[in-house]
Amino acid sequence: FFHSQRVATPFPTHLFKTTSGDKDFQACLQALECLAPTSHMRVPTNLQAIPQPSIALLAWLLLPETRKQLLFHPIPPSTFVKQLQQVQPGVLPPHFEANQAPSAIFALDRPSSSTARRPVVAYHGTAMENLHSILNTGLINASGTRLQRTGAAFGDGIYLSTRHSVAYSFSRPSDSWKKSALGSRMRCLLVCEVDMDKIDEDSSAGPRRTQSDSSSDLPDAYLLVSRTDAIRVMHVLLFCDAPPLADPQGVDGRVHRPASRINWCSVLVFLYALGMLVSGVLANKTVQVQLKVLLRRLQHKS
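Our subject in this report is the structure included herewith. Nothing here was measured: the structure is a model prediction, and the numbers come from that model.

Turning next to the environment of Pro74. Looking at where Pro74 falls in the secondary structure, it is placed in strand β1 (residues 71-74). The spatial distance from the C-alpha of Pro74 to the C-alpha of Val236 is 9.4 Å, given a sequence separation of 162 residues.

At a closest axis distance of 8 Å, the pairing of helix α2 (residues 25-33) and helix α4 (residues 52-62) adopts a crossing angle of 95°. As far as their axial angle goes, α4 and α2 are roughly perpendicular. The segment α2 lies against α4, with Cys28, Ala31 and Leu32 engaging Pro53, Ser54 and Leu57. Split into classes, the residues belonging to the contact of α2 with α4 amount to five nonpolar, one polar and no charged.

Now for the nonpolar core. In this structure, Leu160, Leu190, Val194 and Val236 are the most contacted members of the largest nonpolar core, which totals 26 residues. Secondary-structure elements contributing two or more residues to this core are β2 (104-109), β3 (119-126), α6 (131-137), β4 (158-161), β6 (185-195), α8 (196-201), β7 (222-225) and β8 (231-242). In this structure Leu160 touches Ala122, Tyr123, His124, Cys192, Val194, Ala221, Tyr222, Leu223, Val225 and Ile231, once residues within four positions along its chain are discounted. The next biggest cluster of nonpolar side chains, apart from the first, holds 16 residues, and it includes Phe80, Val91, Val121 and Leu189.

This next bit is on α2. Residues lying three or four places apart along an α-helix face the same way, a consequence of the helix completing one turn every 3.6 residues. Of the residues making up α2, those classed as buried are Phe25, Cys28 and Ala31. Down the axis of α2, the sector holding all buried residues measures 120°, keeping them to one side.

For the rest of this paragraph, the subject is the packing of aromatic side chains. Within a pair of aromatic rings, the relevant descriptors are the distance that separates the centres and the angle that separates the planes. Summed over the entire model, instances satisfying the criterion amount to four aromatic pairs. Between Phe96 and Phe239 the ring centres are 5.7 Å apart and the planes differ by 55°, which places this aromatic pair in the tilted class. Placement of the pair is Phe96 in the loop between α5 (77-87) and β2 and Phe239 in strand β8, with a sequence separation of 143 residues. Among the aromatic side chains, those forming a connected cluster through ring pairs are Phe96, Tyr168 and Phe239.

So, on to a nonpolar patch on the surface. A cluster of nonpolar side chains, Leu61, Leu62 and Leu63, forms an exposed patch at the surface whose accessible area comes to about 300 Å². Along the chain, Leu62 falls in helix α4.

Turning our attention to the pattern of salt bridges. Side chains that differ in sign of charge can pair as their charged atoms come close. Applying the stated rule across the entire model yields seven salt bridges. Between Arg118 and Asp197 there is a salt bridge whose closest N-O contact spans 3.0 Å. You can see Arg118 sitting in the loop between β2 and β3 and its partner Asp197 sitting in helix α8, a full 79 residues away along the chain. By relative accessible area, Arg118 is classed as partly exposed at 38%. The salt bridge involving Arg185 is made with Asp175; its shortest N-O contact spans 2.7 Å. Residue Arg185 is located in strand β6, and its partner Asp175 is located in strand β5 (residues 174-175); the two are separated by ten residues in the primary sequence. For Arg185, a relative accessible area of 32% translates into the label partly exposed.

Cut-offs and rules
- Residues numbered from 1 in each chain as written.
- Predicted model: local features only at pLDDT ≥ 70, side-chain atom pairs only at ≥ 80, totals over all residues.
- Heavy atoms only, no water.
- Helix = DSSP H or I, 4+ residues; strand = E, 2+ residues; numbered from the N terminus.
- Axes fitted to C-alpha atoms, helices over the stretch in contact; angles between N-to-C directions.
- Parallel < 35°, antiparallel > 145°, perpendicular 65-115°, else oblique.
- Contact = heavy atoms within 4.5 Å.
- Nonpolar A, V, L, I, M, F, W, Y, C, P; charged D, E, K, R; others polar.
- Core = buried A, V, L, I, M, F, W, Y, C linked by side-chain atoms within 4.5 Å.
- Buried < 20%, exposed > 50% of the residue type's maximum accessible area, 1.4 Å probe, protein only.
- Arc of directions from axis to C-beta.
- Phe/Tyr/Trp six-rings, centres within 6.5 Å; stacked < 30°, edge-to-face > 60°.
- Patch = residues over 30% accessible without salt bridge, like charges linked within 9 Å, V, L, I, M, F, W, Y side chains within 5 Å.
- Areas by Shrake-Rupley, 256 points an atom, 1.4 Å probe, with all protein chains shown as cover.
- Salt bridge = Lys/Arg side-chain N within 4 Å of Asp/Glu carboxyl O.

Quick look at the structure:
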């Protein structure tokens, strides 16, 4: 219950509340399940079939009145690389294998531009269930609280990495919305701007490995940040671990499926087993005789 309270922040209590005035998570989930796929809701007449609680929830998400509106839009990989270079010139963009590339890249539109004088691009892996709260309230230092999900071996703070592969290992896959066009099981990776000046100004920031501090215990490419205002989330990378349950249609009316991930270890094992099977068959004398006869017939025909 406590975890639900935290990840569902902010929450439309004025729309979904129990008789005692508490947050009604079950009613909110029911309203979410009644929403149609986005391709279906693009047709105005289809909205009439959606229950009023679901429409109210959709309006609360897209047209907030009591909080700042969160805007984000999909961008192509080339734009993503350019934006990283604008934040930290010379930074190397993340390299993904073909079967591990993100299914979608979203850029966040913030009301105020960056004021960091010494910004560094870093990555933070988290579960999909935390995304709503993080995007609306920002990353928080959960070390030593009931919200802590991983260890804090090198001190309290928010853990980030300048290597996307390190942060990706902390992105736990989660079941997504059943009608999602992206996938039925997703994981996310946050791309952040870290203000190194604010970290250096904070005397209570704890240990942090730098280029000149080789004696630090913090592993290479790790950043440990205690100040929440030193981190600005810029992008969200979404990865699909399982295809959609249904086949939602895109704007052009065609079915769009995210690329499935290939388990190369299983492929190699299969090829090895197939090779052993072929070798065993060819070693059989009866098979060898039949192959010789077949080859002779083919030579005569040619």
